[in-house]
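For reference, the chains in residue letters:
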Amino acid sequence: MSLRFGTAGLRGPVGDGPGCINEDVVVRTTAGLARWLDARGCGGGTVVVGRDARTGSAEFFAAATEVLAAAGFDVVALPRPLPTPVTAYAVRALDAVAGVQITASHNPAPDNGYKVYTRGGAQLVEPDDREIERAIDAVGAASSVPRTAVAPTGDDLVARYLARVASLPRGTARTLRIALTPLRGVGGETAVAALHAAGFGDVHVVDAQFAPDPRFPTVEFPNPEEPGAADAVLALAADVGADIALALDPDADRCAVGVPTPEGWRMLRGDETGALLGDRILAGAPRGALVATTIISSALLGRLAAARGARYAQTLTGFKWLARAGDGLVYAYEEALGHCVDPDAVRDKDGI
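Note that this is a predicted model, so its numbers are computed, not measured.

Draft legend 1. Region of interest: the layout of surface pockets. Roughly 220 Å³ of internal volume is contained in the second largest pocket. Forming the walls of the second largest pocket are 15 residues, and the residues nearest its centre are Ser-2, Pro-18, Val-25, Arg-28 and Ile-136. For the lining of the second largest pocket, the secondary-structure elements that each account for two or more residues are α1 (23-39) and α4 (128-137). Per-element tally for the lining of the second largest pocket: the top contributor is α1, with 4 residues. For the lining of the second largest pocket, the class distribution of residues is 6 nonpolar, 4 polar and 5 charged.

Draft legend 2. Representation of the packing of aromatic side chains in the model. On inspection of all chains with the given rule, the structure shows 2 aromatic pairs. With centroids separated by 5.6 Å and ring planes inclined at 65°, the aromatic side chains of Tyr-89 and Tyr-161 adopt a geometry described as edge-to-face. Of the two residues, Tyr-89 sits in helix α3 (residues 84-93) while Tyr-161 sits in helix α5 (residues 156-166), which places them 72 residues apart along the sequence. Comparing Tyr-89 with Tyr-161, the two get one shared label, buried. Centroid distance Tyr-331 to Tyr-333: 6.3 Å. Interplanar angle 25°. Geometry classified as stacked. Side by side, Tyr-331 and Tyr-333 carry an identical accessibility label, which is buried. Looking at Arg-51, its charged tip hangs above the ring of Phe-61, at a distance of 5.5 Å from the centre.

Draft legend 3. Representation of the sheet that holds strand β10 (residues 264-267) within the structure. The 5 strands lie next to each other as β7-β6-β8-β9-β10, forming an open sheet whose pairing is mixed. Only two strands of the sheet have a single partner each, and these edge strands are β7 (203-205) and β10. Averaged over all pairs of adjacent strands, the angle between their axes in this sheet comes to 25°, without regard to strand direction. Pairing analysis gives 4 bridges linking strand β6 (residues 178-181) to strand β8 (residues 244-248), with the strands arranged parallel. In the strand pairing of β8, Ile-178 is matched with Ile-244.

Draft legend 4. The sheet that holds strand β1 (residues 9-13), seen in detail. Spatial ordering of the open sheet is given by β1-β5-β4-β2-β3, a layout of 5 strands whose pairing is mixed. The sheet terminates laterally at β1 and β3 (74-77), the two strands that pair on one side only. If you compare each strand with its neighbour and ignore which way they point, the axes differ by 15° on average. Judged from the 5 bridges that link them, strand β2 (residues 46-51) and strand β4 (residues 98-102) form a sheet pairing that is parallel. Within β4, the residue paired with Val-49 across the bridge is Val-100.

Rules and cut-offs
- Residues numbered from 1 in each chain as written.
- Predicted model: local features only at pLDDT ≥ 70, side-chain atom pairs only at ≥ 80, totals over all residues.
- Heavy atoms only, no water.
- 1 Å grid on protein atoms, 1.4 Å probe; cavity = no way out; pocket = protein on both sides within 12 Å on 5 of 7 lines; lining within 4 Å.
- Points joined across faces, edges and corners; volume = space filled by probe spheres on them.
- Helix = DSSP H or I, 4+ residues; strand = E, 2+ residues; numbered from the N terminus.
- Nonpolar A, V, L, I, M, F, W, Y, C, P; charged D, E, K, R; others polar.
- Phe/Tyr/Trp six-rings, centres within 6.5 Å; stacked < 30°, edge-to-face > 60°.
- Buried < 20%, exposed > 50% of the residue type's maximum accessible area, 1.4 Å probe, protein only.
- Lys NZ or Arg CZ within 6 Å of the ring centre and 35° of its normal.
- Pairing = 2+ DSSP bridges.
- Axes fitted to C-alpha atoms, helices over the stretch in contact; angles between N-to-C directions.

In structure tokens form, the structure reads like this:
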């Protein structure tokens, strides 16, 4: 059975056949995506392609860029393995017609995947996913799909992304000591650069979990939600006397927060982090601003919004729905450790 689109794309084990992720599947999927974009009047537009460092990602990335280029699109091939949010940012920054990220997010080590972003940087939703699947089904053998080599871009987009992250509303404290782990995913270098760019220089990393490794050898399951996954960063935080601990998932679109308590260090649940960030952001948001969570997340953000004169929405599970929660959205989160903020709509409490 062929892989079908799930959360904004395909995910599955790397292996042979249509039920796994492999180069043929990526070629045919990309050809179907190109046909769908053409049918929507987006032919020749810009498409951003990024990747993580999982097994097969480099080959699948090359296949996706080459198929899109041969189909007549202006392909922006990001320069190296980078966090998924960089791809989403680039789609918005370049007003691209689509984005593709080769990643399996927080899935187990044997997996890989193919995420699709539409114009505006939001993930794919229904019925677009079913339409793309029909376009894929109409593609012939992968060997018959034309391909044209694409040169990777420079670091300009990455630099712009880091500058944007560093401009997010924040307080004036810069002396926090931070312990960080990317769990052997691709978020380490970018996260440290972003923290430094924002003025946080006292950052300590878990060395054994810093460099990308598709085997994820230091954890049983590379997801900071999982019990034990963040043990190393919590131990580091205790050792160095940190103020906060951060753990990223392999493609760095989830961030877990650890804090010291009288009983020792522990990770906050997604709803705890979401409520704390939401309260902070609402304090600087304009009256009538919109915040959102998913139906499986805590409703506490709704009570905070009401107290601050803001609007509140609940959506179906997934950031693909949160991104479409409504006009005036300044902050959204889901209990699975995903958060987003609109830096243009929020001032810091200190007016900075």
